[in-house]
2 protein chains.
Amino acid sequence: MAKLTVVGIGPGNLLDMTQRARQAIEQARVVVGYHTYIRLVEPMLDGLGKEIIGTGMMQEIDRCRMAVEKAAEGRDTVVISSGDAGIYGMAGLVLELVLARPAENRPEWGGVIAGVSAVQASAAVLGAPLMHDFAVISLSNLLTSWETIEKRVRLAAEADFVLALYNPKSKRRTENIARVQEIVLRYRDLATPVGIVTGASREGEQKVLSTLADFTKEEINMFSLVIIGNSQTYVKEGWMLTPRGYEKKDSGLGASR
Amino acid sequence: MAKLTVVGIGPGNLLDMTQRARQAIEQARVVVGYHTYIRLVEPMLDGLGKEIIGTGMMQEIDRCRMAVEKAAEGRDTVVISSGDAGIYGMAGLVLELVLARPAENRPEWGGVIAGVSAVQASAAVLGAPLMHDFAVISLSNLLTSWETIEKRVRLAAEADFVLALYNPKSKRRTENIARVQEIVLRYRDLATPVGIVTGASREGEQKVLSTLADFTKEEINMFSLVIIGNSQTYVKEGWMLTPRGYEKKDSGLGASR
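So, how was this worked out
- Residues numbered from 1 in each chain as written.
- Chains lettered and ligands numbered in written order.
- Predicted model: local features only at pLDDT ≥ 70, side-chain atom pairs only at ≥ 80, totals over all residues.
- Heavy atoms only, no water.
- Core = buried A, V, L, I, M, F, W, Y, C linked by side-chain atoms within 4.5 Å.
- Buried < 20%, exposed > 50% of the residue type's maximum accessible area, 1.4 Å probe, protein only.
- Contact = heavy atoms within 4.5 Å.
- Phe/Tyr/Trp six-rings, centres within 6.5 Å; stacked < 30°, edge-to-face > 60°.
- Helix = DSSP H or I, 4+ residues; strand = E, 2+ residues; numbered from the N terminus.
- Salt bridge = Lys/Arg side-chain N within 4 Å of Asp/Glu carboxyl O.
- Pairing = 2+ DSSP bridges.
- Expected span 1.5 Å × (residues − 1).

J.: Describe the nonpolar core, with residues and values.
T.: In this structure, A:Ile228 and B:Ile228 are the most contacted members of the largest nonpolar core, which totals 48 residues. Among residues more than four places away in sequence, those in contact with A:Ile228 are A:Val162, A:Leu163, A:Leu165, A:Val180, A:Val184, A:Arg188, A:Thr192, A:Pro193, A:Val194, A:Leu212, A:Phe215 and A:Met240. One finds A:Tyr166, A:Met240, B:Val162 and B:Ile227 within the second-largest nonpolar core, a separate group that totals 40 residues.

Okay, here's the thing in structure tokens:
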């Protein structure tokens, strides 16, 4: 049986891909992915004589099924997934499909290759907003009930987690983010810093620093990642920072804000 | 002024480093880091004629101050940090130190280069446990009050987040993890899957799959990362999976568990 591997290619620039991801793609005979990501890794595929299977965005399940099929037929296959394949990516679906097959007809599990996720690339652009405990929540209610999402937002706000929001808004889902703002405002100041990064690490990357009171007025779309600071997060000269607590020790930083 | 960059080198194997991180280290004239991580990147430094500054683990602040000083003196400098420098790493401290200096005597901020964090490498080893919303919490009460940590664990458990626990145990902190178990058990079943990965991506990497009832009996140390599943997480043939919800759609996976 050939090997099936799920590869996180990073947020959107080949520079942010790990060496392990690169090797897996180079060694595979079949590369499967959403066509936008296939285009992204295209410079790497050139001349390597691989079979490339790119499909549209809403066809995740078919795409992953095809990958499992290719590997079961005996060709080493990778499924590429943007960011970290293990965070809202393709890792789970592919592993579920593999395990759903009878053991004697199953490709070898090549594992998940972790990559830099959008939340990390966005945090880096904003400064250092994730230096303390944080919660990662997707606002897409396509596969999760809005009730569950809202409960998570509320409890995470109460717990004073930094909040990292994936899928904050799409053409169809425009109200979810306003509802999140309303909930978090019950627990945090109007002035709480909020960072919005759109297309992190990609061409045309945009960064906006705002506040909990105002951030919903900014452009937010399906390529945006929103980070809401905790009660200690501050902005200094354009950088968003969540202190880890060193200022309590002898760093001499306590007075500098 | 020279440039100061904070570089996440990934969880502990050069294969997991991004190309961007590699380039930053290669281009720097001074490389500063905890000596264990300096040793890790040593194969990359050989023959490049850089100044290398490695210090012990408890000397973060001095180490980062030195890095800022070197850059202010006019030498391009990188601070290396394991995993993602922006997640419990050196990004925040270095940025705070830079911004604490008067503007005219400040190195250029080269930014944070994101890397694969321990939670991601651990998740990949376990299967796909982070496919749905998750909360990242450090159990170290060195810089955070235990009261705050406990509150976060409780609310994250109530919110049904997958929990990723950094610093679950050290020689001095042996009771925190048992307390976490007790709290999470108020909200989740005894059989909830718990994955423990020690030294993810490093030599001697260990993976243990256990349950919320039993996981504290396993070996957990300062190199371990603990992932507690949410109410939907399951284990199948040795792999830990949190479904994203595709089984509600037409994937044919609903009946396979």
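There's more to say after this.
J.: I'd like a rundown of the packing of aromatic side chains, residues and numbers included.
T.: Summed over the entire model, instances satisfying the criterion amount to 6 aromatic pairs over all chains. Ring geometry for A:Trp239 against B:Trp109: centres 6.3 Å apart, planes inclined by 70°, an arrangement best described as edge-to-face. Placement of the pair is A:Trp239 in strand 13 (residues 239-241) and B:Trp109 in strand 5 (residues 108-113), with the two residues belonging to separate chains. Judged by its relative accessible area of 14%, B:Trp109 falls in the buried class.

J.: Break down the pattern of salt bridges for me, citing the residues and quoting the values.
T.: Counted according to the given criterion, the structure contains 22 salt bridges over all chains. The salt bridge partner of A:Arg152 is B:Asp160, with a shortest N-O separation of 3.7 Å. Taken together, the positions of A:Arg152 in helix 6 (residues 146-158) and B:Asp160 in the loop between helix 6 (146-158) and strand 8 (162-166) put the pair across two chains. Taken as a pair, A:Arg152 and B:Asp160 share a single burial class, namely buried. With a closest N to O distance of 2.6 Å, B:Arg106 and A:Glu237 form a salt bridge. Here B:Arg106, found in the loop between helix 4 (91-99) and strand 5, pairs with A:Glu237, found in the loop between strand 12 (234-236) and strand 13, and the two come from separate chains. By relative accessible area, which is 14% here, B:Arg106 ends up buried.

J.: Residue-level account of the pairing of strand 2 (residues 30-34) of chain A, with values.
T.: Residues and elements named next belong to chain A. The element strand 2 is extensively covered by neighbouring structure, given that 5 of its 5 residues are classed as buried. In the sheet, strand 2 pairs with strand 3 (residues 51-55) via 5 bridges, with the strands oriented parallel. Residue pairing for strand 3: Val30 is matched across the bridge by Glu51. Note that strand 2 and strand 4 (residues 77-81) share 3 bridges and pair parallel. What sits directly across from Val31, in strand 4, is Val78.

J.: Provide a residue-level description of the sheet that holds strand 6 (residues 127-128) of chain B, including the pertinent values.
T.: The strands making up a sheet associate through hydrogen bonds between their backbones, and the pairing can be parallel or antiparallel. Residues and elements named next belong to chain B. Ordered in space as 6-13-12, the 3 strands form an open sheet in which the pairing is mixed. Since the sheet does not close on itself, it has two edges, and those belong to strand 6 and strand 12 (234-236), each with one partner. Bridge count between strand 6 and strand 13 (residues 239-241): 2 bridges; the pairing is parallel. Within the sheet, the bridge partner assigned to Gly127 lies in strand 13 and is Met240.

J.: Can you tell me about helix 6 of chain B, naming the residues and giving the values?
T.: Compared with the 18 Å implied by 1.5 Å per residue over 13 residues, the 18 Å span of helix 6 of chain B between its first and last C-alpha is a close match. Within helix 6 of chain B the residues assigned to the buried category are B:Trp146, B:Ile149, B:Glu150, B:Arg152, B:Val153, B:Leu155, B:Ala156 and B:Ala157. Summarising the contacts, the buried residues of helix 6 of chain B are in contact with helix 6 of chain A together with strand 7 (134-138), strand 8 and helix 7 (176-185) of chain B. Taken from the residues just after helix 6 of chain B, B:Asp160 is the one with a positive phi, measuring 65°.

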